[in-house]
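Residue-level structural notes
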Amino acid sequence: CTGVTLLELIVAVAIIGILASIAVPAFDNQIKNSRLVSNTNLVVGAVSIARSEAINRGVQVILTAGGNGWIVKEVVSGTEISRFEPDDSGITWSPSTFPDVTFEPTGFRPNLSAVVTIKLTDDRSKSKTISISAAGSTDVE
């Protein structure tokens, strides 16, 4: 007889259930970590694109709030260069509205502006802080 008994099947299902109950919380944490990191990378990427487009085009470029995310556009002409929409479910932004970040054709921010700080926090109180310097560089902590 090469079949599986009902008892063996019940034991196998119980073991699978125990393993699943251990794996699901770890998987949930992984998803939340991934969401926090991807939103952080999206902000850093948007800043990098705004700065590089200012240098390449030789005009002032601004990264500003628009729609459900942010828009990179030329300051004078208003030409939209790029648009970013984050998946911010479960993420709190500080400040709550995205601050305008302008770049000169040199890649620097105007008049050596103050450092812009953006903090992303998830529902577990884990956070990432992004700082944009007057020179246009970004730092993530």
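Everything below is about the structure shown above.
Basis of the calculations
Residues numbered from 1 in each chain as written. Predicted model: local features only at pLDDT ≥ 70, side-chain atom pairs only at ≥ 80, totals over all residues. Heavy atoms only, no water. Core = buried A, V, L, I, M, F, W, Y, C linked by side-chain atoms within 4.5 Å. Buried < 20%, exposed > 50% of the residue type's maximum accessible area, 1.4 Å probe, protein only. Helix = DSSP H or I, 4+ residues; strand = E, 2+ residues; numbered from the N terminus. Contact = heavy atoms within 4.5 Å. Pairing = 2+ DSSP bridges. Axes fitted to C-alpha atoms, helices over the stretch in contact; angles between N-to-C directions.

1. Quick word on the nonpolar core
Grouped together as the largest cluster of nonpolar side chains are 22 residues, with contacts concentrated most on Val43, Leu63, Trp70, Ile118 and Ile132. Elements that contribute at least two residues to this core include exactly α1 (6–57), β1 (61–66), β2 (69–74), β4 (91–94), β5 (101–103), β6 (116–122) and β7 (127–132). In terms of residues, this core owes the most to one element, α1, which gives 7 residues. In this structure, Val43 is in contact with Trp70, Trp93, Phe98, Ile118 and Ile130, ignoring residues within four places of it in sequence.

2. Quick look at the sheet that holds β7
The strands making up a sheet are joined through hydrogen bonds of the backbone, oriented either antiparallel or parallel. What the 4 strands build is an open sheet, ordered β4-β6-β7-β8; its pairing is antiparallel. Each end of this open sheet is capped by a strand with a single partner; those strands are β4 and β8 (138–140). If you compare each strand with its neighbour and ignore which way they point, the axes differ by 15° on average. Here β7 pairs with β8 via 3 bridges, running antiparallel. When the sheet's bridge partners are listed, Ile132 is paired in β8 with Thr138. On top of the sheet, α1 reaches β4, β6, β7 and β8; it is set at about 5° to β7, its chief contact.

3. Examining the pairing of β2
Among the 6 residues in β2, 5 count as buried, and that is most of the element. Of the pairings in the sheet, the one linking β1 to β2 comprises 6 bridges and is antiparallel in character. Note that in β2 the partner of Ile62 across the bridge is Lys73. Both β2 and strand β3 (residues 80–84) contribute to a ladder of 4 bridges, which runs antiparallel. By the bridge assignment for β3, Trp70 is matched with Phe84. Hairpin connection, β2 to β3: the antiparallel pair is bridged by 5 residues, and Gly78 has positive phi, about 75°.

4. Regarding the sheet that holds β5
Taking strand neighbours across the sheet as the criterion, the 4 strands line up as β3-β2-β1-β5 in an open arrangement whose pairing is antiparallel. Here the strands that pair on one side only, and so sit at the sheet edges, are β3 and β5. Taken over all neighbouring pairs, the strand axes of this sheet differ in orientation by 20° on average, direction set aside.

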